[in-house]
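Chain residues, written in single-letter form:
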Amino acid sequence: MLYVPQTMMAPLCPKEFLAGLLVLALNSHPVEPHLILSFFSNNQSLVNRCEVLPGLADHDAIFVESSLRPMRVRKPPRKVHLYKKADFDSLRDELSAYLPEFTENTANISVDHTWKAFENKLKSLISKRRRGCETQLLALTNELVHSMARHKQHDLAVLDFSKAFDRVPHSHLLTKLNHYGIRGYTLKWIEAFLTDRTRRVRLFADDCVVYREINSEEYCLILQNDLIKLAEWEKQWGMDFHPEKCSILRVHRKRNQIIFRYSLKDHILETDSTTKYLGVTLSQNLSRNHHMDITAKKGNSTLGFLQRNLRVSNEKVKTTAYTSLVRPGLEYCSTVWNPFTKDLVYKLEMVQRRAARYVTNRYHNTSSVSSMIEHLGWETLESRRTKAQLTMLYKIINDLVDIPANQYLVQAPSRPKDHNKKYHQPSTSTSCHKNSFFPRTISVWNHLPA
C-alpha cells in the first residue's frame, strides 16, 4: 500500500488518480525515485484494480492489485493496400494524341455523349493489354464459323518468318516497346538484357495470318496486295518471310470455290487442307479431328516419357508430373476446339485414364480405372473444358479480355427463378456453328443456377 496526503486526492477514477499520482511522485523525486512508483508508472498495464481506502491521520491509503502478466490490448491488424500500377505515361500520350479529334467531334454534343466518347476511347486503350493467343483464336474461329454458316469463303495466308528469333532488330524492338507504353526502368532493363549477349533470346511468337472473306476474284487481288505490303514491311523492319513455309488455307463449304494463286516475294504459295496457327491446327472445314489426333498423340507421347524416366512409387510426385507436363497440352486453348462428338471426347479421356494407371501403378485389366480417378480426385477433362469455357464467357461479359461482349451477346429476359445474366441463344444452321464457342457456352451459361 501507498500512503498519500489527503491534499493530493482528486475527484478522479482510481486508475486515473493512480497515474497522476505516480507521475507527480516521480517528478518530486527526480534523483532517487521510489522503486514501487517507478515500477507502476512504467508498467501501468500490470494494474488490475486500484481503490482509495481511509487511512490514519491526514493520510489515505491506495490499494493496488497487480499481476505479473500485463493486460495488453491487441492492436488491430495493419492494413496493407496493394495497388496495380497502370502505365499512365502511355495512356497520357495516346489520349493527348486523341485530343484534337475529341474536341472537334464533341463540340456540339451533350456532356453525357462527350463523356461516353472519352470512356470508350479509354477502354480501347486499356484493352490493348488484354489480348492473348486464346482471345485471338476465339475471334478468328468465330468469324470463320459465321462465314461458313453463310456459305462464304475465307482465304487465310499463314506466314512463317525465316529465323524470326535471330533476325529481330533490337533497336526496332525497343522502339516498338516504347510506342506501346513499356518505358522507364522496364525498358532500360530489356535494353540491358538484349545488349552484349552471346546467346540467342526468344522474344515473341512468329505466327502470322492474313485473311479476308472472298466473294469474287477482286477480293483475292486485295489479299494479294496485302501480301505485297507485308513484303515491303519485312524489308523496313529487318525481318524475312520464308515463302516455302508459308501456305494458303481456304475455309469454306462451297461446291464451287474461288481459286486464286497467291504469291509472296515472287513465290507461289501452296494451298493446304490443314495448317497450324498459334498452336491450334485449323482445317478447311473447321473440323476438330486433325487437331484432336495431334493433341492425343502428343499427350500419350509425353506420358510415355514419364513412364520410362519417372519410375517412383510416390503418387503425389507422379500426379504433379502429369498435371504439369501432360494435362496442360491436352487443355491448351480448349475453349476454341472443345470437341462435341463422343469419339473425340473419349480419345482425350483415354490419355487421362492411362495416366491414372501410371500414377496408381495398377495395370491389371480387371482394375477399375474409374475408381482410380476417384481415388486420385481427378475431374474429367470434359468437365474441365466446360468450366474453362464458362470462365472465358465470364471474362468477356465483365470486359476482362479484349473480346467486345456487345458484338456477340444479347441480353435475354429471365424468369424470377433464373439469374439475371441470361443471353439469347444464337440461331445455328450447321453443327460446326452450333458447337462453336458462343452458342455452346451460352446454352450452359443460361442453365446455371441463380
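The structure this text deals with has already been given above.
Residues numbered from 1 in each chain as written. Predicted model: local features only at pLDDT ≥ 70, side-chain atom pairs only at ≥ 80, totals over all residues. Heavy atoms only, no water.

**Describing the overall build of the protein chain**
Phase 1 of the analysis: When you go through the protein chain residue by residue, the secondary structure sums to 18 helices and 11 strands.
Phase 2 of the analysis: Scored against the burial criterion, the 450 residues of the protein chain give a buried share of 36%.
Phase 3 of the analysis: The long-range fraction of contacts in the protein chain, counting pairs at least 24 apart against all pairs at least 6 apart in sequence, stands at 65%.
Phase 4 of the analysis: Accessible surface, the protein chain: about 29,100 Å² in total, of which carbon and sulfur atoms supply 54%. (Helix = DSSP H or I, 4+ residues; strand = E, 2+ residues; numbered from the N terminus. Buried < 20%, exposed > 50% of the residue type's maximum accessible area, 1.4 Å probe, protein only. Contact = heavy atoms within 4.5 Å. Areas by Shrake-Rupley, 256 points an atom, 1.4 Å probe, with all protein chains shown as cover.)

**A few points about the packing of helix H11 (residues 315-331) against helix H13 (residues 342-360)**
Phase 1 of the analysis: Packing of H11 against H13 leaves a shortest axis separation of 9 Å and a crossing angle of 165°. The angle between the axes of H11 and H13 places the two elements in the roughly antiparallel class. At the point where H11 passes H13, the crossing takes the right-handed sense. Taken together, the residues of H13 that come into contact with H11 (itself represented by Glu 315, Lys 318, Thr 319, Tyr 322, Val 326, Arg 327 and Leu 330) are Leu 348, Val 351, Gln 352, Ala 355, Tyr 358, Val 359 and Thr 360. (Axes fitted to C-alpha atoms, helices over the stretch in contact; angles between N-to-C directions. Parallel < 35°, antiparallel > 145°, perpendicular 65-115°, else oblique. Left-handed = near helix turned anticlockwise from the far one by under 90°.)

**Concerning helix H9 (residues 217-236)**
Phase 1 of the analysis: Taking 1.5 Å of rise per residue, the 20 residues of H9 would be expected to cover 28 Å, and the 29 Å separating its terminal C-alpha atoms lies within 8% of that figure.
Phase 2 of the analysis: By the burial criterion, the buried members of H9 are Cys 220, Leu 223, Gln 224, Leu 227, Leu 230, Ala 231 and Glu 234. Buried positions in H9, seen along its axis, are confined to an arc of 105° and lie on one side of it. In H9, those exposed residues whose orientation departs by more than 90 degrees from the buried face are Glu 218, Glu 232 and Gln 236.
Phase 3 of the analysis: The elements touched by buried residues of H9 are strand S4 (153-160), strand S5 (207-214) and strand S7 (263-264).
Phase 4 of the analysis: Once H9 ends, the next one or two residues include Gly 238, with phi positive near 75°. (Expected span 1.5 Å × (residues − 1). Arc of directions from axis to C-beta.)

**Here we look at the environment of Ala 450**
Phase 1 of the analysis: With respect to the helices, strands and loops of the structure, Ala 450 is situated in the segment after helix H18 (437-446).
Phase 2 of the analysis: A relative accessible area of 76% means that Ala 450 is categorised as exposed.
Phase 3 of the analysis: Put simply, Ala 450 and Pro 416 are 34 residues apart on the chain and 9.4 Å apart in space, counted from C-alpha to C-alpha.
Phase 4 of the analysis: Those residues within four positions of Ala 450 in sequence are excluded, and the remaining contacts are Lys 417, Asp 418 and His 419.

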